[in-house]
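# Notes for the structure review
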Amino acid sequence: MAKETPKDPLITYAENTWCPGCGNFGLLTAFKNAIKRLEEHGTPRDRIVITAGIGCHGKIHDYLNLSGFYSLHGRSMATAQGMKLANPGLKVVDFCGDGDAFGEGLEHMLFAAKRNADITVIVHDNGVYGLTTGQFTPTSEKGYRGPSTPYGSIEDPLNPLVLLLEAGATFVARGYPGNQAQLTDIFVQAIEHEGFSFVDVLQPCVSFNNTYKRYNEVTEHLDAPAKDLDEALKISRKKDRLPIGVIYNYSRPIFHRELFGDKVPVKDRTPFDRRHDAIRKILKV
Amino acid sequence: MAKDIFTYLVGGKAGEGVKKAGQAAARLFSDMGRRAIEYDDYMSLIKGGHNFSIISTSVHEITSHYLKADLVVALDQRSFDMHIDHVVDDGVLVFNSDTVKAKESPKVVGLPMTEEAKKYPEPALRLGLAGPSVLAAVIGLERAQLRSLIEKEYGRGVKENLAFGQAVYEMAKAKIGARFELEPAVSDKSRPIITGNEAISLGAAAAGLDIFFAYPMTPTSSILHYLAAKSPELGIAVVHPENEIAVLNMAVGAAAMGARTMVASSGGGFALMEEAISLAGMTETPVLCVLGSRPGPSTGVPTYSEQGDLQFALNQGHGEFSRLVASPGSIEEAFYLSGELLGLAWRFQTPTILLTEKHLCEGAMTVDIDVAKVKFAEGLMHKESKGPYKRYLDTKDGVSPMLFPPSKELIKYDSYEHDELGITTEDPKEIVKMHDKRRRKGESIVSHLRKMHTVNTFGEGKNKGPVVFTYGSTTLSVLEAFRYGELQGTVVQPIYLEPFPVWELAKYKDRKAIVVEQSSVGAFASLLKDKAGIEGTWALRRYDGRPFEPTELASELKGVM
């Protein structure tokens, strides 16, 4: 196995096995640019940790030269919240596929939004299970033909933006790798946002669900976030045109701070002897 | 004649403060310098039904309640009907004459408890206090002693409680005051009374627990409640997420960033966590997992006890990685073992399982605990190295140094098979390398356990008679049966079940073996046979959800020993 040190300091020696032309390349480039921007803004890269689900998207965990935890299918949102709780000083970015986020792990996603966990979830939303050869996912269009739905999917897709807005996400955006500058900007804002930030990235799959042409036609630039939840929902429900940009962005108390204030559990430990004294006091011994 | 072992049983409807009436009595005995053990039998409902608490007390060591009581307090008809036959020959049953229809006799005494309770607001809530008040009268305590107990244990609405309690006390005193004389304790040193779940919580806290994650499930919910309540004093964060899958995945994520974490559930919830147990095994992430059993399969009998999850615990997680499973035989042991298993999780960067049962989780007893015996859970930490840091550095003992972000080094955990750096691999050589590393870690665990205390042995004398094998909370029943029946023989209780300490057990191979467990299929007997080559001559099994009763078990053991 070739293990040459790559020229790009943000990339590891892992061989990139995404299909040529995959939408993940554009997402990766925008994310690397976002990291550089964040460093300019004062967040060093060693304070940014990543996690990922399982699928084509998850390989980004191997490719990015950032510390992290390559999690299970559908569980990375829970992993990310655990990472944040242990050390709130870290910025935690969770990459997941639409199968992870809205199928296997939907409950974790909705609850992360509900409790306003201070993590960033980036969904590589390609409407297909690529790595398992093209089955329909929670966001596939009705009628989608894959190996598990050879005569066309009979289910309507979920609308991730509406779901997340209703669940209480405090930052909701839609991105498209076809617009690099904007996607980079969305990532930077999402990671800098205090609270649960969610970015649904429309990601074409060249092998099983090539949506480049359609997305190039129907995406439109959203100038400014919605003023309130109703407007955000209205923008998110649009079907004929797909607005790209930050859809909603507001502030409310974040989970770990509500739970234990500004404490950093892995750093601000009660000294061992004081912990033992507290236990003796409880036991009255 | 002064009684050494004395048993008090209080029964009533859920919502009448039956459990509290048990706890208060246990506290009373402890304050007299006695030892006490409390058993709560309750149904899976909120109001009504039938609940009862049994407290057995002694000045000597006592490890099980007795079903036949010296004093039974029946708050309602159902309790009366159920427990009228549970009074010892020279015992007494005191019933609530407002709700129970029964004929009085010197042994069966009625007191108008509800009428008395009705004099105060919320009479139903106060009813349970009749239990300890009657108890105080029949064992000849002074009014002041009851007063101090009520002030301590029934603080809410204390004025009314004092009035009610003392009225019941006077009524009981007039009819059956000082009926029993308890053997005086050697000292009046009061011991803490804690449940198994409290012991598990405090043991982990003593070893440095940072964050506890759990979703409610009987019988481990009270770990969640207890740690949540004590979180400010202990400096622990407590999180109750959406389900058990999130519970363990969060705990693993937090542990990977350096937090000492613990999770707890019963069979069903634990089954949901199983995927992440394998994840912790693969990513080499330390986490302590508590499995509190109740009768299964499936939803089973939620508020009762069984040892039907032994094989489930031993085989947790898909794939090949080393597991560590241990089960405490007493509440004191639960305290130390919880701390020890958090320590082993960190030492070997792997999930460890504390297997126990409802009987221990929710049972309470007086304990002698030395907090200082619990060591801080520490892992091997990375120091300077020549090349880059490698999360899965291929070491001789299979344990790779840990390092946590933020760091200039790259720290990658991976659920896929990975190389030393933590990058996914499908290379056959790398696959073998990592399998071998994890296998060597398993061998290191065994060598480490060989130096540890892994098996408890009781009563091994010069005469090599029959050996009674048991484990977990059944140990409590077996030891009490031995004391009660004055049985001669050896009791062997493996604390560690995986790796199974066969090196300690080999010497019993040729002895007559009796295996006592709460399992219908004899899971523990199979383990002894398969791993240690010990074939049980006799099997004593109980699987009706109730722990073994010492008098019954003593006669069964006598029959086979």
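In this text, all values refer to a predicted model and were calculated from it rather than measured experimentally.

Definitions and limits used
- Residues numbered from 1 in each chain as written.
- Chains lettered and ligands numbered in written order.
- Predicted model: local features only at pLDDT ≥ 70, side-chain atom pairs only at ≥ 80, totals over all residues.
- Helix = DSSP H or I, 4+ residues; strand = E, 2+ residues; numbered from the N terminus.
- Rg over C-alpha atoms; globule rule 2.2 N^0.38 Å.
- Buried ≥ 20, exposed ≤ 12 C-beta atoms within 10 Å, placed from the backbone.
- Contact = placed C-beta atoms within 7 Å.
- Pairing = 2+ DSSP bridges.
- Right-handed = clockwise from strand over helix to strand, strands pointing away.
- Axes fitted to C-alpha atoms, helices over the stretch in contact; angles between N-to-C directions.
- Nonpolar A, V, L, I, M, F, W, Y, C, P; charged D, E, K, R; others polar.
- Core = buried A, V, L, I, M, F, W, Y, C linked by C-beta atoms within 7 Å.
- Domains from an automatic or database assignment.
- Parallel < 35°, antiparallel > 145°, perpendicular 65-115°, else oblique.
- pLDDT = per-residue confidence, 0-100.

Moving on, we come to the overall build of chain A. Each helix and strand counted, chain A has 11 helices and 10 strands in total. Relative to the compact-globule value of 19 Å for 285 residues, chain A shows a C-alpha radius of gyration of 20 Å, a close match. Taking the principal axes of its C-alpha atoms as reference, chain A extends roughly 70 × 50 × 40 Å. Evaluated residue by residue, chain A yields a buried proportion of 52% over its 285 residues. For chain A, restricting intrachain contacts to residue pairs at least 6 apart in sequence, the fraction spanning at least 24 positions comes to 66%.

Take the overall build of chain B next. Broken down by element type, chain B carries 19 helices and 21 strands. Computed over the C-alpha atoms, the radius of gyration of chain B is 26 Å, within 12% of the 24 Å expected from 2.2 N^0.38 for a compact globule of 561 residues. Taken across its 561 residues, chain B has 58% of its residues classed as buried. Taking contacts inside chain B between residues at least 6 apart in sequence as the whole, the part at least 24 apart equals 72%.

Time to look at the pairing of strand β10 (residues 242-249) of chain A. Residues and elements named next belong to chain A. In this sheet, β10 lies alongside strand β7 (residues 171-175) in antiparallel orientation, the contact comprising 4 bridges. Looking at the pairing, F171 lines up with N249 of β10. Following the chain from strand β9 (residues 219-221) across helix α9 (residues 229-237) to the adjacent parallel β10, one finds a crossover that is right-handed.

Right, let's talk about the sheet that holds strand β3 (residues 48-58) of chain B for a bit. Strands pair in a sheet through their backbones, by hydrogen bonds, and they do so in one of two ways: parallel or antiparallel. Residue and element names in this part refer to chain B. Taken together, the 8 strands give an open sheet; going across it, the order is β6-β5-β4-β1-β3-β2-β14-β7, and neighbouring strands pair in mixed fashion. Strand pairing shows two members of the sheet lacking a second neighbour, β6 (108-111) and β7 (193-195), which therefore form its edges. Within the sheet, the average angular offset between the axes of one strand and its neighbour, ignoring direction, is 15°. Bridge count for strand β5 (residues 87-96) against β6 is 4 bridges, and the pairing is parallel. Residue F95 lies in a different strand from β6, and its bridge partner there is G110. Strand contacts of helix α1 (residues 18-31): β1 (6-14), β2 (35-41), β3, β7 and β14 (364-366), with the helix running at about 10° to β3, the strand carrying the most contacts.

Between two packed helices, what matters for the description is the angle formed by their axes and the separation of those axes. Residue and element names in this part refer to chain A. Contact geometry of helix α3 (residues 76-86) with helix α5 (residues 106-114) gives a least axis separation of 8 Å together with a crossing angle of 35°. The segment α3 lies against α5, with M77, A78 and Q81 engaging H108, M109 and A112. Grouping the amino acids of the contact of α3 with α5 by side-chain chemistry returns 4 nonpolar, 2 polar and no charged.

Right, let's talk about the interface of chain A and chain B for a bit. Note: interface size is frequently given as the accessible area lost on complex formation between the parts. On the chain B side, the residues contacting the 44 residues of chain A number 50 residues. Mapped by element, the contributors of at least two residues to the side of chain A that touches chain B are β2 (68-70), α3, α5, α10 (255-260) and α11 (272-283) of chain A. Looking at side-chain class alone, the side of chain A that touches chain B contains 23 nonpolar, 12 polar and 9 charged residues. As paired elements, β2(A) and strand β15 (residues 412-414) of chain B share 3 bridges and run parallel to each other. Paired with Y70(A) across the bridge in β15(B) is D414(B).

All names here are of chain B. Taking burial as the measure, the 11 residues of helix α8 (residues 196-206) include 11 buried ones, the bulk of the element. Where α8 is concerned, the buried positions are G196, N197, E198, A199, I200, S201, L202, G203, A204, A205 and A206. Of the residues one or two after α8, G208 is the one with positive phi, at around 105°.

Below, the discussion takes up the nonpolar core. The biggest cluster of nonpolar side chains holds 249 residues, and the ones touching the most others in it are V172(A) and V263(B). Looking at this core, the element that brings in the most residues is helix α13 (residues 331-348) of chain B, giving 11 residues. Leave out the neighbours within four places in its chain, and V263(B) touches F213(B), A214(B), V247(B), L248(B), A251(B), M273(B), V287(B), C289(B) and V290(B).

All names here are of chain B. You can read the domains of chain B as domain 1 (6-176), domain 2 (193-373) and domain 3 (455-560). Its C-alpha centre places domain 1 at a distance of 34 Å from the equivalent point of domain 3. Between domain 1 and domain 3, the residue contacts involve 5 residues of the former and 7 residues of the latter. Residue composition of the side of domain 1 that touches domain 3, by class: 3 nonpolar, 2 polar and no charged.

Residue and element names in this part refer to chain B. The linkage connecting P405 with the following residue, P406, adopts the cis geometry, with an omega of 0°. Looking at the secondary structure, you find P406 in the loop between β14 and β15. In this chain, E498 is followed by P499 through a cis amide linkage whose omega measures -10°. Its place among the elements puts P499 in the loop between β19 (496-498) and α17 (502-505). The phi dihedral of S298 falls on the positive side, at around 55°, and the residue is not glycine. Within the secondary structure, S298 sits in the loop between β11 (287-293) and α12 (310-314). One non-glycine residue, Q349, lies in positive phi territory at about 50°. Among the secondary structure elements, Q349 is positioned in the loop between α13 and β13 (351-357).

This next bit is on the environment of Y42(B). Residue and element names in this part refer to chain B. By the element assignment, Y42 lies in the loop between β2 and β3. Along the sequence, Y42 and T303 sit 261 residues apart, while their C-alpha atoms lie 6.6 Å from each other. Beyond its immediate chain neighbours, meaning those up to four positions away, Y42 contacts A14, N51 and T303.

Two numbers describe how α11(A) lies on α8(B): the axes approach to 9 Å, and their chain directions differ by 160°. Classified by the interaxial angle, the pair formed by α11(A) and α8(B) is roughly antiparallel. Along its contact with α11(A), which presents R275(A), H276(A), I279(A) and I282(A), the element α8(B) presents L202(B), A205(B) and A206(B). A class-by-class count of the residues in the contact of α11(A) with α8(B) yields 5 nonpolar, 1 polar and 1 charged.

Attention now goes to the confidence of the model for chain B. The predicted coordinates of low-pLDDT regions are not to be read in fine detail. Of all residues in chain B, 100% have pLDDT values of 70 or greater, and the mean over the chain is 96. Under the prediction, the complex receives an ipTM of 0.98, its pTM being 0.97.

Strand order across the open sheet formed by 9 strands is β9(A)-β10(A)-β7(A)-β8(A)-β4(A)-β3(A)-β1(A)-β2(A)-β15(B), with mixed pairing between neighbours. Either end of the sheet is taken by a strand with one partner, and the two such strands are β9 of chain A together with β15 of chain B. The mean inter-strand angle of the sheet, taken between neighbouring strand axes irrespective of direction, is 20°. The sheet contact formed by strand β1 (residues 48-52) of chain A and strand β3 (residues 91-97) of chain A spans 5 bridges and is parallel. The residue of β3(A) that forms the bridge with I50(A) is V93(A). Lying over the sheet, α3(A) contacts β1, β2, β3 and β4 (120-125) of chain A, oriented at roughly 175° with respect to β3(A). Sheet strands touched by helix α6 (residues 160-167) of chain A: β4, β7, β8 (197-202) and β10 of chain A. Its angle to β7(A), the strand with the most contacts, is close to 170°.

Okay, α3(A) next. By the criterion of burial, α3(A) is predominantly enclosed, with 11 of the 11 residues buried. Within the span of α3(A), buried status applies to S76(A), M77(A), A78(A), T79(A), A80(A), Q81(A), G82(A), M83(A), K84(A), L85(A) and A86(A).

Residues and elements named next belong to chain B. Counting buried positions over the 5 residues of strand β20 (residues 513-517) gives 5, a clear majority of the element. Taking every second residue as pointing to the same face, both faces of β20 are buried, with A513, V515 and E517 on one and I514 and V516 on the other. Judged from the 4 bridges that link them, β20 and strand β21 (residues 538-541) form a sheet pairing that is parallel. Bridging across to β21, V516 finds its partner in L540. Read from β20 through helix α18 (residues 523-532) to β21, the crossover connection turns out right-handed.

Another aspect to go through is the environment of G68(A). Counting through the fold element by element, G68(A) comes out in strand β2. Between the alpha carbons of G68(A) and L283(A) there is a distance of 40 Å; along the sequence they are 215 residues apart.

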